[in-house]
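Chain by chain, the residues run as shown.
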Amino acid sequence: MRNTNEPMFVITSYPPKGSLHGKKVGGVASFAKNTLDSMKGYRFTVLSEVIDEQETYTEGQNTIIRCWKRDSINLFSNILKAITQYEKKEHHQNKLLVEFEFGIYGNPFITGLIPLLLILLKLKGYEITIVLHQVLSNLSELAPHLGIKKNSISSKVQNLLLQLYYKVLQIIVDKIIVLDEIHKQKLVKNRTNKKIFVIAHGVENINLSKIQKEPLSIRDNDPETKVITCFGFVTWYKGIDLVIDSFSKYLKDNPQNPYKIKLLIAGGESPTQKESPDYQKFYRNIEEKVKKISKHAELTGFIQESDIPKIYQDSDILIFPYRTLMSSSGPLSLAIAYEKPFVISKILEPYTLTYDLNRALQDGGLTTRDITVDFDNPDSVLNIIDILKNKDQLAKIKQVAHEVKLQRCWSVLGDRYKEVIQSPKG
């Protein structure tokens, strides 16, 4: 094993200085920082995106170099230049970690050239481990999200290119880390699995006893109010509109809101999509829908890092009405971190194939049906209300979250990342 005192290069999105979450970066940024912080004894040279200006600074033992911009063709030369420069300053390990999600480096053209960058880095002698945050099998499932026509010739061509892209990545890199068993299964169909590893999405080790519970304003000082929360950037694939429509129907059928249910959409515009006209139209539509039921629902906009504990601690249940399963869920990992009751859409049911969650459900006497809801059903909110009324089921789901938290704590997963990165090539 190489001397881990030697720093390792990492290419990733990264949060603003001194923070874990940021308005101008997506979920990969906080994930990356948690990953690096969990790998005790290692030092990293992080090549990350420019937020306000190019800068270089240190956080702990790590050097953060903000050297590339999204959508810029100069991204590639800037990364190679930074690596060459810092190789000369200090000897680095021949290991390279890359965090990858569609959109974090830029538009499809820029993303399509990422394999060329990886090839050049391989030629420089680096052994590459890539963390695939998304494994997509059919772009038609994301047609409205991407602004393409479902089942069109264009989408079919893009599907073929997507499959080719994954195959090329698997050939180039030495190791692939995915965050759920289902994502490994999607890749294994195309190629041997010897270089593919599953490490579940890490969970922040939050000491709940030290967090003071603060009532959310949406409760209107009524302790009997039940708050149903969707957390995270508002996007089509997360199914936010399905929940709003179902909640609107519930209010129309029950104008007095007898169960005192409030819907909290704790998030704002996606930083990687907000420039898209299709996305802007979608987000404005969400705003209009919420305005119509504003007495019982709230769209918060971006949640500051300091407000995240309050949101999670005082929500009665977290819901994940996703339309498609293309990645692990950062907001779900936070629900687990705060040991909150949660439900997922039927589309996300394959999450339960991952060993720790599957085992926790079995140990708690629950099945996948106990934590899944069909959000395509116009009355899906009634299913959530039924769960909220079942105190025994809520307690069991909370225990599931507690058990999974113990397995997915970043302090535990950090050792797993080190094992994979330093292991012989697959």
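Our subject is the structure that appears above.
Here the structure is a predicted model, which means the values were calculated and not measured. (Residues numbered from 1 in each chain as written. Predicted model: local features only at pLDDT ≥ 70, side-chain atom pairs only at ≥ 80, totals over all residues. Heavy atoms only, no water.)

Asker: Would you mind going over the overall build of the protein chain with me for this structure?
Answerer: When helices and strands are counted, the protein chain shows 15 helices and 14 strands. Along the first, second and third principal axes, the C-alpha set of the protein chain runs to 70 × 50 × 40 Å. Each of the 426 residues in the protein chain was classed as buried or not, and the buried ones make up 56%. Expressed as a percentage of contacts within the protein chain between residues at least 6 apart in sequence, the contacts between residues at least 24 apart total 74%. Total accessible area on the protein chain is roughly 19,200 Å²; 50% of this is exposed by carbon and sulfur atoms. Here the protein chain carries 58 positive and 48 negative side-chain charges, and the mean point of each set is 4 Å from the other. (Helix = DSSP H or I, 4+ residues; strand = E, 2+ residues; numbered from the N terminus. Buried < 20%, exposed > 50% of the residue type's maximum accessible area, 1.4 Å probe, protein only. Contact = heavy atoms within 4.5 Å. Areas by Shrake-Rupley, 256 points an atom, 1.4 Å probe, with all protein chains shown as cover. Lys, Arg positive; Asp, Glu negative; His and termini not counted. Charge placed at Lys NZ, Arg CZ, Asp CG, Glu CD.)

Asker: Where do I start with helix 9 (residues 277-292) in this structure?
Answerer: Three- or four-residue spacings in an α-helix give side chains the same orientation, since the helix completes a turn every 3.6 residues. Taking 1.5 Å per residue as the helical rise, helix 9 with its 16 residues ought to reach 22 Å, and the 23 Å between its terminal C-alpha atoms agrees with that figure. Along helix 9, the residues that are buried comprise Y279, F282, Y283, I286 and V290. Relative to the axis of helix 9, the buried residues are bounded by an arc of 95° and lie together on one face. Projecting away from the buried face of helix 9 at angles above 90 degrees are the exposed residues P277, K281, K291 and K292. Those residues of helix 9 that are buried are in contact with helix 8 (240-253), strand 10 (261-266) and strand 11 (297-299). (Expected span 1.5 Å × (residues − 1). Arc of directions from axis to C-beta.)

Asker: Sorry, what's going on with the packing of aromatic side chains here?
Answerer: The geometry of an aromatic ring pair is captured by the separation of the ring centres together with the interplanar angle, meaning the angle of the planes. Taken as a whole and assessed by the stated rule, the structure comprises 17 aromatic pairs. Note on F102 and Y165: the rings are 5.8 Å apart at their centroids and 45° apart in plane angle, and the pair reads as tilted. Within this pair, whereas F102 is found in the loop between strand 5 (95-100) and helix 3 (108-112), its partner Y165 is found in helix 6 (residues 153-172), the two being separated by 63 residues in sequence. By relative accessible area, which is 25% here, F102 ends up partly exposed. Considering the side-chain rings of F320 and Y322, the 6.3 Å spacing of their centres and the 65° angle between planes classify their relative orientation as edge-to-face. With relative accessibility at 5%, the residue Y322 sits in the buried group. Connected via pairs of aromatic rings, a cluster forms that spans W68, F100, F102, Y105, Y165 and Y166. (Phe/Tyr/Trp six-rings, centres within 6.5 Å; stacked < 30°, edge-to-face > 60°.)

Asker: Hey, could you run me through the side chain of D316 in this one?
Answerer: Considering the arrangement of structural elements, one finds D316 in the loop between helix 10 (308-314) and strand 12 (317-320). In this structure the side chain of D316 is engaged in a polar contact, spanning 2.9 Å, whose partner is the side chain of R219. Excluding anything up to four places from it in sequence, D316 contacts R219, T225, K226, V227, P341 and L388. (Polar contact = N/O pair within 3.5 Å; in protein donor to acceptor, adjacent residues only side chain to side chain.)

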